[in-house]
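Here's the letter readout for the chains.
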Amino acid sequence: MARHRYARQPRKAGIRGPLISSRDLLLLAMCVGGLLASWLVYGVSGPGNPAALDAGTRLLSSSAPANKPAANHAVVGAPASRAGLPLPAASAPLQINYPAAGLNVVVHPLRPDPAETGGHSIEPPETMDGYWLSPFGTPGAGSTNTTYVIGHSWEGLDAPFNHLSYAAAPGDELQVVTATGAMTYKVESVTTYTKSTLKDSPIWAAVPNRLVLISCYTQDLWGKNVAVVASPVPGR
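Here's what I pulled together on the structure shown here.

## Observations regarding the overall build of the protein chain
Phase 1 of the analysis: A tally of helices and strands in the protein chain yields four helices and eight strands.
Phase 2 of the analysis: Reading the protein chain from its N end, one meets helices and strands in the order α-α-β-β-α-β-β-β-β-α-β-β.
Phase 3 of the analysis: Restricting the contact set of the protein chain to residue pairs at least 6 apart, pairs at least 24 apart contribute 63%.
Phase 4 of the analysis: By element, 60% of the accessible surface of the protein chain is carried by carbon and sulfur atoms, the whole surface being about 15,900 Å².

Have a look at this one:
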C-alpha cells in the first residue's frame, strides 16, 4: 500500500498577527481613564486650592481634643515665688534647726519667776536643749514681742549652743518649727555681751517676730554671753 504523505501548507509571506489584542486595548483605556480622573481631582482639591485647605483645617479642628491644655511657657529652673504667703499663726516654738551653726535642738517652754523675768537674768535647766521664755514673744502671725530661746554652753563638751560663739554669722538662715507651721529666719547680728550688760541691752526691746538666741560665750563661760538676733524671711 502506498503511504499518504501529509504535505505542510506554505506560509504566506509579509503577514504577521496583531501586536496588541483587544483585551490589552481595553486595559490600557481603563488605565488612561484612571489617570485623567486623578488629574481632575487633584486640580480641584490639591494643595493650592484654598477651599481644600479650608476643608482640611476644619477637619483637623474638629478632630482636636476639646480640652487640650495650654502650652507651658514657664522658664525651666526658675524658682516659684512664695512672696506674700502668710506666716503661720503665732504659737510655741518646738524646734530650731540652724545648719550653719550645727545647732538642731528641741525647744521646751520655760516660765521664769517674775523677778527673773523683770531682771532679765534667767538660768535654763542644765540640759543641751533649748528653752523658750514664754512670758515674752511667740513666733508667727499675731506676735507682739521678741521670741527668746536660751540654752547652756558646756565646757569640755560639743554641745549645740556652743556653736553660736564661733559659727553663727550675719546672713545665716535658720528654721523655727512651731505648733502651727515652720518659719525661716535670717541672722542680722551676732553680739557678745558681758553678763552684767546683757540685762540692759537692746535685745530686750519688744519687737514682734524677732528671734533672739542666747547662750554663754565659750571663750568666757562665766563672764560673757553671746546673742544671735534674727528676723523672719517674708514668704518663707
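## Structural notes on the sheet that holds strand β5 (residues 173-178)
Phase 1 of the analysis: With mixed pairing, eight strands are arranged side by side around a closed barrel as β1-β2-β3-β4-β7-β8-β6-β5. Each strand of the sheet is rotated relative to its neighbour by a mean of 30 degrees, with strand direction disregarded.
Phase 2 of the analysis: Judged from the four bridges that link them, strand β1 (residues 93-98) and β5 form a sheet pairing that is antiparallel. Bridge pairing in β5 links N97 to Q175.

## Examining the pairing of β1
Phase 1 of the analysis: Where β1 meets strand β2 (residues 103-110), four bridges bridge the pair, whose relative direction is antiparallel. Along β2, the bridge assignment pairs Q95 with V106.
Phase 2 of the analysis: Where β1 hands over to β2, the hairpin turn is made up of four residues, of which G102 adopts a positive phi near 60 degrees.

## Focus: unusual backbone geometry
Phase 1 of the analysis: The backbone of N209 shows a phi angle near 65 degrees, a positive value even though the residue is not glycine.
Phase 2 of the analysis: Assignment of secondary structure puts N209 in the loop between α4 (195-198) and β7 (211-216).

## Quick look at the pairing of β5
Phase 1 of the analysis: Alternating positions in β5 separate cleanly, L174, V176 and T178 being buried on one face and E173, Q175 and V177 remaining unburied on the opposite face.
Phase 2 of the analysis: Pairing between β5 and strand β6 (residues 181-194): six bridges, direction antiparallel. In the sheet register, T178 faces β6, and the bridge partner there is G181.
Phase 3 of the analysis: What sits between β5 and β6 in their antiparallel hairpin is a turn of two residues.

## Quick notes on the packing of aromatic side chains
Phase 1 of the analysis: Enumeration according to the criterion identifies three aromatic pairs in this entry.
Phase 2 of the analysis: Aromatic rings pair up to connect F136, Y148 and W204 into one cluster.

## Examining the environment of D113
Phase 1 of the analysis: Relative to the assigned elements, D113 resides in the loop between β2 and α3 (114-119).
Phase 2 of the analysis: Note on D113: relative accessible area 38%, which makes it partly exposed.
Phase 3 of the analysis: Between the C-alpha atom of D113 and that of P135, which follows or precedes it by 22 residues, the distance is 9.6 Å.
Phase 4 of the analysis: For D113, the side chain forms a polar contact with the main-chain nitrogen of A115, separated by 3.1 Å.

The rules we used
- Residues numbered from 1 in each chain as written.
- Predicted model: local features only at pLDDT ≥ 70, side-chain atom pairs only at ≥ 80, totals over all residues.
- Heavy atoms only, no water.
- Helix = DSSP H or I, 4+ residues; strand = E, 2+ residues; numbered from the N terminus.
- Contact = heavy atoms within 4.5 Å.
- Areas by Shrake-Rupley, 256 points an atom, 1.4 Å probe, with all protein chains shown as cover.
- Pairing = 2+ DSSP bridges.
- Axes fitted to C-alpha atoms, helices over the stretch in contact; angles between N-to-C directions.
- Buried < 20%, exposed > 50% of the residue type's maximum accessible area, 1.4 Å probe, protein only.
- Phe/Tyr/Trp six-rings, centres within 6.5 Å; stacked < 30°, edge-to-face > 60°.
- Polar contact = N/O pair within 3.5 Å; in protein donor to acceptor, adjacent residues only side chain to side chain.

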